[in-house]
Structures are given as C-alpha cells and as structure tokens.
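# Structural overview for review
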Amino acid sequence: MVLSLVVEKKYIIADLSKDLIGKGSFGNVYAGKNSNTGDEVAIKLEKSGEDTLLKHEAQIYAVLNGMSGIPPLRSYGMDGDYNYLVTDKLGPSLGSLLDDYGGTFSLMTVINLGLRMLKYIEGIHEKGIIHRDIKPDNFLIGLGPNNHNLYLIDFGFSKSFIDSSGNHEEIQYNRQMLGTENFASIAVKNGVTPSRRDDLESIGYVLIYFLIGTLPSKEHCVNPRLLWETHSDLPGEFLLFMNYCRNLDFYSVPNYNYLRNLLFNLHKLSKFNGINSFDWEQTSS
C-alpha cells in the first residue's frame, strides 16, 4: 500500500517510502510537489509530538528570507501528526557530488565554492545568526540548468549570537556539542560556545576536505602548519585561512574580506577563468 501525505491541501508527497531525499539535523526531508502549480518542493517532516525544532528552523528561515544562497521558505505549519516545513526542491549536496568525482574537487571548484560560502556566511552573520552545522551535506546545488547555484540549508541548530540587550552573548564552557563533529571547530569540540569564528573554521575544514579528500587530524587542526608539511601540495593560502580562523577571539568580528582575498589571489595566481565554474558543469556541458 502506498502511503502518501498532503499538507495544506496542495503540497503532496506521493510515496513516503520512496520519496525520502535526505535527513536533516532532525526530521526527514521528502520530495514533493505543489498540486496547484506543479512546482517541485522539499518537505521536511517532524512528528508533532516531538520538540518543535522545525518551528525554530522556520523562524531562522524567516529571518534570512530573500538572502542569496538561502532557499525561500514556502510554508511552515502543523498538519495532523506532523509539523512540516516546505522549501524549494534543490539538487544534490556537495557531499554527494564529491563521491561522484572520486572524492576530491579541482582547485578551481574549491576556490569558487569557498567564495560563495564566505559570501553566504557573512550575510547570515550580519543577521546575528550563526549556522553551527557547516558540512558538505548542507550545501546543495540547484536543479538542472541552475546547477551553478549554491545553497546553504538545515538551520535546525542555528541560533542568534546576540542577546536580548543587543550584545554579543557571553562565552561559556563545558557545553554539549551540537552539529557534526567531523567538521566542527576545535573550540566547539572542546565544549566552548560557538560563535562566528567557528562557522568560518568549519568552512576551512570543508574546503580542505574537498581538495585533499580527507579531514585534517586533530594535531593538524590545532597546528595547521603540520597539515601543510603533510600535504605539501596544499596551497599555502589554505594554511593562512586556517591560521586566521583558529586565532580569532570568541567575540571577534571576522575580516571576511581577508579570507576572500586569500582565495581571490589564489584564483588569479592559478589563472582560472571566472568564479562561477564548477567541475560538474564541465561534465554536463
């Protein structure tokens, strides 16, 4: 028997057993369709009896609405046994694409991805929000001809770093870690409250992972210079990137332009053409 689901009398999941396309920090994500327009959508479901984490994510999406690289929130609500959140359906994640390309991306692609990621995370931080779960599976490309677009998703662990008085929240220690440990910063792994610096450090780990196919060891994370000694072909700009992120203070306003310029300069030195070209576009063209 096919088990389907309809929410708001228009968002349809045809088959819950076959249309699962992902799992977020909580809840499952299904491919669906708007029966009125035919638009493809992604529907995240959470049992309504559980904590309302989906409501929190919907509130974050509302704050970030209209920003570049953030899929628009189409709807949020409760229907029967489920809380639901509806966004545009996107293409595969960078984690999935990485598998298709043998476990690494080209330097050109890594630089271009890094420039997009820095743009998006700076915009999010300007809204007073930190993501707290930067990883390859939370970056998705657009569908079909829009595969040059990149999107950041899954804001279930995101939070404001600004308190009710408008000040930066205070640093705390011995906190339980949230998010994905593999790409978390050293400070977060050690139980320190995350701040803007930690999102940036995670981006650094993601870029290095894309380039060399493995994650830095703990020793390399603590001392990025060791990473360069082990991977001598890793451009020094990534060492500078990681050193900068690792030396940021909890309360620091990051210099996003400095990190961007590191990547721009490497792009120029490598004589790449344009900043909107990716490995998967070369294959599909």
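Overview of the structure. (Residues numbered from 1 in each chain as written. Predicted model: local features only at pLDDT ≥ 70, side-chain atom pairs only at ≥ 80, totals over all residues. Heavy atoms only, no water.)

### A short note on the environment of tyrosine 258
Structurally, tyrosine 258 can be placed in helix H9 (residues 256-269). Once the C-alpha coordinates of tyrosine 258 and tyrosine 244 are considered, the two residues, 14 residues apart in sequence, prove to be 9.1 Å apart. (Helix = DSSP H or I, 4+ residues; strand = E, 2+ residues; numbered from the N terminus.)

### With respect to the environment of tyrosine 84
Tracing the chain through its elements places tyrosine 84 in strand E7 (residues 82-88). Overall, tyrosine 84 belongs to the buried group, its relative accessible area being 4%. Between the C-alpha atom of tyrosine 84 and that of serine 48, which follows or precedes it by 36 residues, the distance is 8.8 Å. If near-sequence neighbours (up to four positions away) are discounted, tyrosine 84 is found in contact with Val7, Glu8, Ile43, Lys44, Leu45, Leu54, Ser75, Tyr76, Gly77, Met78 and Asp79. At a separation of 2.7 Å, a polar atom in the side chain of tyrosine 84 contacts the side chain of glutamate 8. (Buried < 20%, exposed > 50% of the residue type's maximum accessible area, 1.4 Å probe, protein only. Contact = heavy atoms within 4.5 Å. Polar contact = N/O pair within 3.5 Å; in protein donor to acceptor, adjacent residues only side chain to side chain.)

### Overview of the nonpolar core
Residues Leu94, Leu113, Met117, Ile124, Phe210 and Phe238 are the most contacted members of the largest nonpolar core, which totals 58 residues. Breaking this core down by element, the ones donating at least two residues are helix H1 (53-64), helix H2 (94-100), helix H3 (107-126), strand E9 (139-141), strand E10 (150-152), helix H5 (196-212), helix H8 (236-246) and H9. At nine residues, H3 tops the list of elements feeding residues into this core. Tyr11, Ile43, Leu45 and Tyr84 belong to the second-largest nonpolar core, a separate cluster that totals 11 residues. (Core = buried A, V, L, I, M, F, W, Y, C linked by side-chain atoms within 4.5 Å.)

### Focus on the packing of H3 against H9
Remark: H3 packs on H9, axes separated minimally by 10 Å, with the N-to-C direction vectors making an angle of 165°. As far as their axial angle goes, H9 and H3 are roughly antiparallel. Considering only the axes of H3 and H9, their crossing is left-handed. Note on element contacts: H9 touches H3 through Tyr256, Leu259, Arg260, Leu263, Phe264, Leu266 and His267, opposite Leu107, Ile111, Asn112, Gly114, Leu115, Leu118, Lys119, Ile121, Glu122 and His125. Classifying every residue of the contact of H3 with H9 gives 10 nonpolar, four polar and three charged. (Axes fitted to C-alpha atoms, helices over the stretch in contact; angles between N-to-C directions. Parallel < 35°, antiparallel > 145°, perpendicular 65-115°, else oblique. Left-handed = near helix turned anticlockwise from the far one by under 90°. Nonpolar A, V, L, I, M, F, W, Y, C, P; charged D, E, K, R; others polar.)

### Some thoughts on the packing of aromatic side chains
Scanning all chains against the criterion turns up nine aromatic pairs. Here the aromatic rings of tyrosine 61 and phenylalanine 155 are separated by 5.1 Å at their centres, their planes lie at 75°, and the arrangement is edge-to-face. You can see tyrosine 61 sitting in helix H1 and its partner phenylalanine 155 sitting in the loop between E10 and strand E11 (159-160), a full 94 residues away along the chain. Classification of phenylalanine 155 as buried rests on a relative accessible area of 0%. An aromatic cluster of at least three residues, connected via ring pairs, comprises Tyr101, Phe105, Phe183, Tyr209, Phe210, Phe278 and Trp280. (Phe/Tyr/Trp six-rings, centres within 6.5 Å; stacked < 30°, edge-to-face > 60°.)

### Looking at the pattern of salt bridges
Side chains that differ in charge, positive against negative, can pair when their charged atoms come close. Across all of its chains, the model carries nine salt bridges by this definition. Across the salt bridge formed by arginine 260 and glutamate 122, the nearest N and O atoms sit 2.8 Å from each other. Of the two residues, arginine 260 is situated in helix H9 and glutamate 122 in helix H3; the sequence distance between them amounts to 138 residues. Residue aspartate 133 pairs with lysine 135 through a salt bridge whose shortest N-O separation is 3.8 Å. The pair formed by aspartate 133 and lysine 135 is uniform in burial state, with each residue classed as buried. Because the salt bridges share partners, they merge into one network encompassing Asp39, Arg74 and Asp88. (Salt bridge = Lys/Arg side-chain N within 4 Å of Asp/Glu carboxyl O.)

### Considering H1
An ideal rise of 1.5 Å per residue puts 16 Å on 12 residues; H1 measures up with 17 Å between its terminal C-alpha atoms. Those residues of H1 that fall on the buried side of the exposure criterion are Leu54, Glu57, Ala58, Ile60, Tyr61 and Leu64. All buried residues of H1 lie within an arc of 160° about the axis, which places them on one face of the element. Where the residues of H1 are buried, they touch strand E5 (40-47), strand E6 (73-79), E7, H3 and strand E8 (129-130). Downstream of H1 by one or two residues, glycine 66 has phi in the positive range, about 90°. (Expected span 1.5 Å × (residues − 1). Arc of directions from axis to C-beta.)

### Comments concerning the pairing of E5
Note on strand geometry: in a regular strand, side chains alternate between the two faces of the sheet. Counting buried residues in E5 gives six out of eight residues, a clear majority hidden from the surface. Two elements, strand E4 (residues 28-34) and E5, share six bridges in a ladder whose sense is antiparallel. Bridge pairing in E5 links glycine 32 to valine 41. What sits between the antiparallel neighbours E4 and E5 is a turn of five residues, in which glycine 38 has the positive phi angle 85°. Across seven bridges, E5 lies against E7 in antiparallel orientation. In the sheet register, glutamate 46 faces E7, and the bridge partner there is asparagine 83. (Pairing = 2+ DSSP bridges.)

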